[in-house]
Amino acid sequence: MNTYEVIYILGFDHDDWDKLTVTARDEAEAKKKAMDKVPPGCRVKKIKPIQTHNTMDQTKIQSVTPQGTFEHNGKTFHKFDVILDNGMVGEVNAMTPDKWKVGDEAVVKEHQQTKWGPRLKLDKPGFQQGAGAAKVGSNSDVKGIVASWAVGCAMQAAGDPTQEGYDSILMQLARLALKARSVIKEEVEV
């Protein structure tokens, strides 16, 4: 499958245009899909294939140009225009202004053509997100998490922390929560 950029005209004014992308086997299929996706009253002006690069390849950053910041969900992001050694170009966002430097190794996670221009999602080599990162935790980390869960359950059940014997009640309830967890874990079928 190939990705095609579709430029279309809004109304009769050639200065008023927009673009979208479609995925198709060939240009004829891309034209058909474009006609379905373009809003009513608009005309398709041009359909051209988008050069795609193999993502997940490791490359080096050749150029980094800061492009300011923006706020999203209460966090500040830094924008950069980046050119990679493999020829890919695009805007990259980062939480810190010094995440990417010329010469840094990078893995291309995603490369998209948007109506605002090409966008890249980069990671540092060896960086794992999501479920993969959870596997690197040590056994003592897991024990700490389970123990915290048990104490949290016990604190909810124990009630007033100023009552006499609160500490022993808390320990008994935490142990009870761990026993219940163990029994239920054995009963669960996967």
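Rules used in this analysis
- Residues numbered from 1 in each chain as written.
- Predicted model: local features only at pLDDT ≥ 70, side-chain atom pairs only at ≥ 80, totals over all residues.
- Heavy atoms only, no water.
- Helix = DSSP H or I, 4+ residues; strand = E, 2+ residues; numbered from the N terminus.
- Polar contact = N/O pair within 3.5 Å; in protein donor to acceptor, adjacent residues only side chain to side chain.
- Contact = heavy atoms within 4.5 Å.
- Salt bridge = Lys/Arg side-chain N within 4 Å of Asp/Glu carboxyl O.
- Buried < 20%, exposed > 50% of the residue type's maximum accessible area, 1.4 Å probe, protein only.

Some details on the side chain of glutamate 91
With respect to the helices and strands, the residue glutamate 91 is situated in strand β6 (residues 89-94). A polar contact is formed between the side chain of glutamate 91 and the side chain of arginine 119, at a distance of 2.6 Å. Excluding residues that lie within four positions of it along the chain, glutamate 91 makes contacts with Lys79, Phe80, Asp81, Pro118, Arg119 and Leu120.

Considerations on the pattern of salt bridges
The final tally for this structure, using the stated rule, is ten salt bridges. Between glutamate 5 and lysine 48 there is a salt bridge whose closest N-O contact spans 3.5 Å. Here lysine 48 lies in strand β3 (residues 42-49) and glutamate 5 lies in strand β1 (residues 2-10), a separation of 43 residues in the sequence. The exposure class assigned to glutamate 5 is buried, which follows from its relative accessible area of 6%. Judged by its relative accessible area of 36%, lysine 48 falls in the partly exposed class. The residue arginine 119 makes a salt bridge to glutamate 91 at a minimum N-O spacing of 2.6 Å. Note that arginine 119 is positioned in strand β8 (residues 117-123) and glutamate 91 in strand β6, a separation of 28 residues in sequence. Given a relative accessible area of 23%, arginine 119 falls into the partly exposed group. The buried category is assigned to glutamate 91, whose relative accessible area is 14%.

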